[in-house]
Amino acid sequence: MRQDFPLPDVTWEPAREFWAGASRSELLIPRCTACGAYAWYPVARCRRCGEGRFAWTRMSGRGRLFSWVVVHRAFLPAFAAKVPFVAALVALDEEPAVRLATNLVDCVPEALDFDMPVRAVFRPLRFPGVEREVMAPMFVPVEGR
Amino acid sequence: MADSDWGCPTPLEDIAGEIAIVGVGESAHTRASGRSPKEIAAEAVERALADAGLPPSAIDGLMYAPFMGGQFDAAAFHAYFGTSHDLWVSERGGGMVWAGTAPYDAALAIRAGQARYVLNVFSVAWATQRAEMVGGPGQVHAEDLVKQNIEVPFGWFPQPVYFATIARRHMHEFGTTAAQLGAIAVACRRHATLTPAAVMHDRPLTLADYLASPPLVDPFRKEDCCLISDGGGAYVMTSVERARDLRQPFIEVAGVGLGNSYTGTYWSQQGAFTSTPQVFAAPGAFAMAGLTPADVDVLTLYDPFTIVALMQIEDMGFCRKGEGGAFVEGTALHFDGGVLPYNTHGGMLSHAYVLGIAHVVETVRQVRGEAAAQVSDAEVGVYGGYTGPQASTLILRRR
């Protein structure tokens, strides 16, 4: 395993643009240039039409809370200082079949609800003993709800 | 069951009534034992051969799972028994889904004359090895570069997190409750307390205990999650003709089914988020057997988590989709009078973490009539195997 695990390897080609976008506070998802289907997770060939060219497309960052958990046990030592935290799947407004694994932040876990509107915020991923940090899309409940 | 946008069945030839399971064996099931998977497997194999009344020299087919480290392969077989004869070897054996489909591949090999007596074997020593693994049994997922780079950094890892997320969505879509998941854990534990070999034999669990247990990965408590233990199992298969000459009651392989999910272990992207590929596996198995879920006397399911059992019960047709919660309430799954006696040895939640091989052993014992928590006059037993990418259904019948 990499020395800086569980930080993402931002040079890993299939998701390089995702992390590069996040460093500019942009949420980018690959989209098939032939048929327009969103291709998440990254794949070599479009699941719908079989073509192999994708354009990383900026998303609004708006989505719905598809499901979530409150993690109380650190399954990796790197998360020991973070528990309890909310790990979640967010379905993006532009294509709800695209679900991002992410964290809900600035929220009260008891107030979370299914399909509630959420929006992306960009926060650093940091782990003990790892100097580097990586900006990542996380989500907060949309205010005024 | 036709293809859908998220999965499909694997077409299988009809092998109903061609072969039988004629011997079963388990190792001791323990916390960290210090033993290797091969040592554990050898104990299970020796017991399976003794149960079948066959010498090692009679075994001419071996099925195992090479991708799981240190498994009991042909070299280990010969080294342990001091034999050197030719073995037909298949890498499509072991536990999980393959504990359910190994009889299909064995039937084709036996039909083709490639083997006469086929052994399927599986073992794990993850309780012993856990400290060296990244996230324990999550290591295989941590090593997947997609997960490593877009899931794990957010702590959406490992399996208890995936399946607690699925459980919460199931609760939303269908009104499933914690007490309903708890009923599954309680049934398994009760069966384990009646099964001397079960790891949790001495640890009774009530629904009140379950509900009072603190959250691990909310909505899961630790009781929703399987054990981590060392152990193994094995079973021996042969043609029904040869089976008649052996010492054990005649347990026929009546049906096998296999289903697939196109999104594999990327559960976050699965179209039917609260379903399993059992929806594609079970119908084929029941059609092959000429049976329906209503004919099943005892069910064993690969149960890494309570929710995986609940979804499979729905997806195999024991109740309608979404009604699993109400279906499993109370004592519905108990061996003595429940509508669907389930994981009568305690399952992976309470018996042992041997990834389904002990489930098949238990199913055979039930339809033989020799289980510890014996279902009255069980004739048809079903095992449901699961990996995420695939699910299998194995239907066994006493003849």
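None of the values given here were measured: they were computed from a predicted structure.

Here is what the cut-offs are and how they apply
Residues numbered from 1 in each chain as written. Chains lettered and ligands numbered in written order. Predicted model: local features only at pLDDT ≥ 70, side-chain atom pairs only at ≥ 80, totals over all residues. Helix = DSSP H or I, 4+ residues; strand = E, 2+ residues; numbered from the N terminus. Buried ≥ 20, exposed ≤ 12 C-beta atoms within 10 Å, placed from the backbone. Rg over C-alpha atoms; globule rule 2.2 N^0.38 Å. Contact = placed C-beta atoms within 7 Å. Nonpolar A, V, L, I, M, F, W, Y, C, P; charged D, E, K, R; others polar. Pairing = 2+ DSSP bridges. Axes fitted to C-alpha atoms, helices over the stretch in contact; angles between N-to-C directions. Parallel < 35°, antiparallel > 145°, perpendicular 65-115°, else oblique. Expected span 1.5 Å × (residues − 1). pLDDT = per-residue confidence, 0-100.

A. Looking closely at the overall build of chain B. For chain B, the count of helices and strands is 15 helices and 12 strands. Seen through its principal axes, chain B has C-alpha atoms that stretch 55 × 45 × 45 Å. Classification of the 399 residues of chain B by burial places 63% in the buried group.

B. Layout of the overall build of chain A. In terms of regular secondary structure, chain A is built from 1 helix and 7 strands. Going from N to C terminus, chain A has its helices and strands arranged as α-β-β-β-β-β-β-β. Compactness check: chain A gives a C-alpha radius of gyration of 16 Å against a globular reference of 15 Å for 145 residues, within 12% of the reference. By its C-alpha atoms, chain A is 45 × 40 × 25 Å across when sized along the principal axes. Per-residue burial for chain A yields a buried fraction of 35% across its 145 residues. Taking the contacts inside chain A whose residues are at least 6 apart along the sequence as the reference set, 49% of them involve residues at least 24 apart.

C. Summary view of the environment of B:Gln366. Residue and element names in this part refer to chain B. Within the element layout of this structure, Gln-366 appears in helix H15 (residues 357-368). For the pair formed by Gln-366 and Ala-378, sequence separation is 12 residues and the distance between their alpha carbons is 6.3 Å. The residues contacting Gln-366, other than those within four sequence positions of it, are Val-298, Thr-344, Ala-371, Gln-374, Val-375, Ala-378 and Gly-381.

D. How the structure looks around the interface of chain A and chain B. Between chain A and chain B, the residue contacts involve 32 residues of the former and 28 residues of the latter. The set of elements that each furnish at least two residues to the side of chain A that touches chain B consists of strand E3 (62-71), strand E4 (85-92) and strand E5 (95-104) of chain A. For the side of chain A that touches chain B, the element with the highest residue contribution is E3(A), accounting for 6 residues. Tallied by class, the residues present in the side of chain A that touches chain B amount to 24 nonpolar, 4 polar and 4 charged. Relative to strand E6 (residues 215-218) of chain B, E3(A) runs antiparallel, the two being bridged by 2 bridges.

E. Local environment of the pairing of strand E10 (residues 298-301) of chain B. Residue and element names in this part refer to chain B. On E10, burial covers both faces: Val-298 and Thr-300 on one face and Leu-299 and Leu-301 on the other are all buried. In this sheet, strand E11 (residues 380-386) lies alongside E10 in parallel orientation, the contact comprising 4 bridges. Bridged to Thr-300 within E11 is Tyr-383.

F. The environment of A:Ala111, seen in detail. Residue and element names in this part refer to chain A. Relative to the elements of secondary structure, Ala-111 occurs in the loop between E5 and strand E6 (117-125). On the basis of neighbour counts, which here come to 9 C-beta atoms within 10 Å, the residue Ala-111 falls in the exposed class. For the pair Ala-111 and Gly-63, spaced 48 residues apart in the sequence, the C-alpha separation amounts to 17 Å.

G. Spotlight on the packing of helix H8 (residues 178-193) of chain B against helix H12 (residues 306-315) of chain B. Residues and elements named next belong to chain B. Direction vectors running N to C along H8 and H12 enclose 100°, while the axes themselves pass 9 Å from each other. Between H8 and H12, the crossing angle belongs to the class labelled roughly perpendicular. Residue-level inspection shows Leu-181, Ile-184 and Ala-185 of H8 in contact with H12, the latter providing Thr-306, Ile-307, Ala-309 and Leu-310. Partitioned by chemical class, the residues of the contact of H8 with H12 number 6 nonpolar, 1 polar and no charged.

H. Region of the structure containing helix H1 (residues 37-52) of chain B. Residue and element names in this part refer to chain B. Taking 1.5 Å per residue, 16 residues should reach 22 Å; H1 reaches 22 Å between its end C-alpha atoms and fits that length. Counting buried positions along H1 gives 12 out of 16 residues, so the element sits mostly inside the fold. When H1 is considered as a whole, its buried residues turn out to be Pro-37, Lys-38, Ile-40, Ala-41, Ala-42, Glu-43, Ala-44, Val-45, Ala-48, Leu-49, Asp-51 and Ala-52. Gly-53 lies just past H1 and shows a positive phi near 75°.

I. Structural view of the environment of B:Tyr342. Residues and elements named next belong to chain B. Among the secondary structure elements, Tyr-342 is positioned in the loop between helix H13 (324-328) and helix H14 (347-350). Assessed through the 26 C-beta atoms surrounding it within 10 Å, Tyr-342 is described here as buried. On a C-alpha basis, the gap between Tyr-342 and Gly-271 in space is 28 Å, while along the polypeptide they are 71 residues apart. Not counting residues within four places of it along the chain, the set of residues in contact with Tyr-342 comprises Ala-187, Leu-299, Leu-301 and Leu-333.

J. Fine view of unusual backbone geometry. Looking along the chain, the bond that leaves A:Phe5 and enters A:Pro6 is cis, with omega of 10°. Here A:Pro6 is to be found in the segment before helix H1 (16-23). The linkage connecting A:Val83 with the following residue, A:Pro84, adopts the cis geometry, with an omega of -5°. Checked against the element boundaries, A:Pro84 lands in the loop between E3 and E4. The phi torsion at B:Asn343 lies on the positive side, around 40°, for a residue other than glycine. Its place among the elements puts B:Asn343 in the loop between H13 and H14. Using a count of 29 C-beta atoms within 10 Å as the deciding quantity, one classes B:Asn343 as buried.

K. Quick look at the confidence of the model for chain B. Mean pLDDT for chain B: 97, with 99% of residues reaching 70 or above. For this predicted complex, the interface confidence reaches an ipTM of 0.98, while the overall pTM sits at 0.97.

L. Highlighting the pairing of strand E9 (residues 251-261) of chain B. Residue and element names in this part refer to chain B. Of all 11 residues that make up E9, 10 are buried, and the element is covered over most of its length. The pairing of strand E1 (residues 7-9) with E9 spans 3 bridges and is classified as antiparallel. If you follow Cys-8 over to E9, its bridge partner there is Asn-260. For strand E2 (residues 19-26) and E9, the ladder comprises 2 bridges, and the chain directions are antiparallel. Within E9, the residue paired with Ala-20 across the bridge is Glu-252. Pairing of E9 with strand E12 (residues 390-398) involves 9 bridges; the strand directions are antiparallel. Among the inter-strand pairings, Gly-255 is bridged to a residue of E12, identified as Ile-395.

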